[in-house]
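Observations on the three-dimensional arrangement
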Amino acid sequence: MTQFFQFEADFVDSLRCIPMMVRYKLDTAGIKLKLQQWNQFTPADRQSLLDRPCNTESEVQVFQTSLQQLIQERTGETATELPIDPHPPWQNRSQIPQEVQAKAQAASVTITLEQWAALTPLQRFALIKLSQSSHEGGNFRPALREFGL
């Protein structure tokens, strides 16, 4: 089942933006997907990326290969590969990344280690992405509320 967050509600029906679930898979597979490339995909393409598993090593490989082919077919471009972190911070339940702490503090919220550990990897991923300075941070507060923080 595809998981969307409430803070994504304004665009998930049309999938005009790349949902966190797909962004999570992109980081797992080490592929950069630009919004302009995403917008050239058909609705079926987008749904396929949402539905395709990307957990085991073989699933990650299939996801990579399929996405690389899809980018080539739909855009004529070669997919940009990124290094894959063997120990991504969203998998670490025992350390809250500094950028998440800073963004939470700016929102007058304290995230305890127990709260961080209780989040799912996808929730931790979303908070990390939403706390990055390069990301429009309007959804950080709604994500905190949604995650019970």
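Our structure's up above, just so we're on the same page.
What counts and how
Within any chain, residue numbers begin from 1 and follow the written order of that chain's sequence. With the structure being a predicted model, the display of local features is reserved for residues of pLDDT at least 70 and the display and counting of side-chain atom pairs for 80 or more, all residues being used for whole-chain, interface and lining totals. To obtain the side-chain values, all non-hydrogen atoms of the structure were included, while hydrogens and water were left out. The numbering of helices and of strands both runs from the N terminus, where a helix is a DSSP run of H or I of at least 4 residues and a strand a run of E of at least 2. Relative accessibility thresholds used throughout: buried, under 20% of the residue-type maximum; exposed, over 50%; partly exposed, between the two (1.4 Å probe, protein chains only). Contacts between residues were defined by any pair of non-hydrogen atoms, one from each residue, lying within 4.5 Å. Lys and Arg are tallied as positive, Asp and Glu as negative. Neither His nor the chain termini are counted. In this description, the location of a charge corresponds to atom NZ of lysine, CZ of arginine, CG of aspartate or CD of glutamate. Between Lys or Arg on one side and Asp or Glu on the other, a salt bridge is scored when a side-chain nitrogen of the former is within 4 Å of a carboxyl oxygen of the latter. Stacked, edge-to-face and tilted are the three classes for Phe, Tyr and Trp ring pairs, Trp counted by its six-membered ring, which pair at centre distances within 6.5 Å; planes under 30 degrees apart are stacked, over 60 edge-to-face, the rest tilted. The definition of a polar contact used here is a pair of N or O atoms within 3.5 Å, where within protein one atom must be able to donate a hydrogen and the other to accept one, and adjacent residues in sequence count solely through side-chain atom pairs.

A separate point is the overall build of the protein. Within the protein, the regular secondary structure consists of eight helices and two strands. In terms of overall dimensions, the protein has a C-alpha envelope of 45 × 30 × 30 Å along the principal axes. Burial statistics for the protein: of 149 residues in total, 42% are counted as buried. Contacts in the protein between residues at least 24 apart in sequence constitute 61% of all its contacts with a sequence separation of at least 6. Distance between charge centroids for the protein: 4 Å, based on 14 positive and 16 negative side chains.

Applying the stated criterion across every chain yields a total of two salt bridges. Two residues, Lys-129 and Asp-27, come together in a salt bridge whose shortest N-O distance is 2.8 Å. Here Asp-27 lies in helix α1 (residues 20-29) and Lys-129 lies in helix α7 (residues 121-131), a separation of 102 residues in the sequence. Overall, the relative accessible area of 12% leaves Lys-129 in the buried class. Overall, Asp-27 belongs to the partly exposed group, its relative accessible area being 24%. Arg-74 is the salt-bridge partner of Asp-45, the closest N and O atoms lying 2.6 Å from each other. On the criterion of sequence distance, the pair formed by Asp-45 in helix α3 (residues 43-51) and Arg-74 in helix α4 (residues 57-75) is long-range, its members being 29 residues apart.

Across all of its chains, the model carries seven aromatic pairs by this definition. Seen from their ring centres, Phe-5 and Phe-147 are 5.1 Å apart, and the 65° between their planes marks the pair as edge-to-face. Of the two residues, Phe-5 sits in the segment before α1 while Phe-147 sits in the segment after α8 (140-146), which places them 142 residues apart along the sequence. With respect to burial, Phe-5 and Phe-147 carry one shared label: buried. Relative to Trp-90, the ring of Tyr-24 has its centre 6.1 Å away and its plane inclined at 55°; by these criteria the two rings are tilted.

For the rest of this paragraph, the subject is the side chain of Glu-8. Tracing the backbone shows Glu-8 in the segment before α1. Within the buried core, Glu-8 has no salt-bridge partner, and the shortest N-O distance to an opposite charge, that of Arg-23, equals 6.9 Å. At 2.9 Å, the side chain of Glu-8 forms a polar contact with the backbone nitrogen of Phe-5. Sequence-distant contacts of Glu-8, defined by excluding residues within four places in its chain, comprise Pro-19 and Met-20.

The element α1 is extensively covered by neighbouring structure, given that eight of its ten residues are classed as buried. Check the buried side of α1 and you find it contacts β1 (31-32), α2 (35-38), α3, α4 and α7. Following α1 by one or two positions, Gly-30 adopts a phi angle in the positive range, close to 70°.

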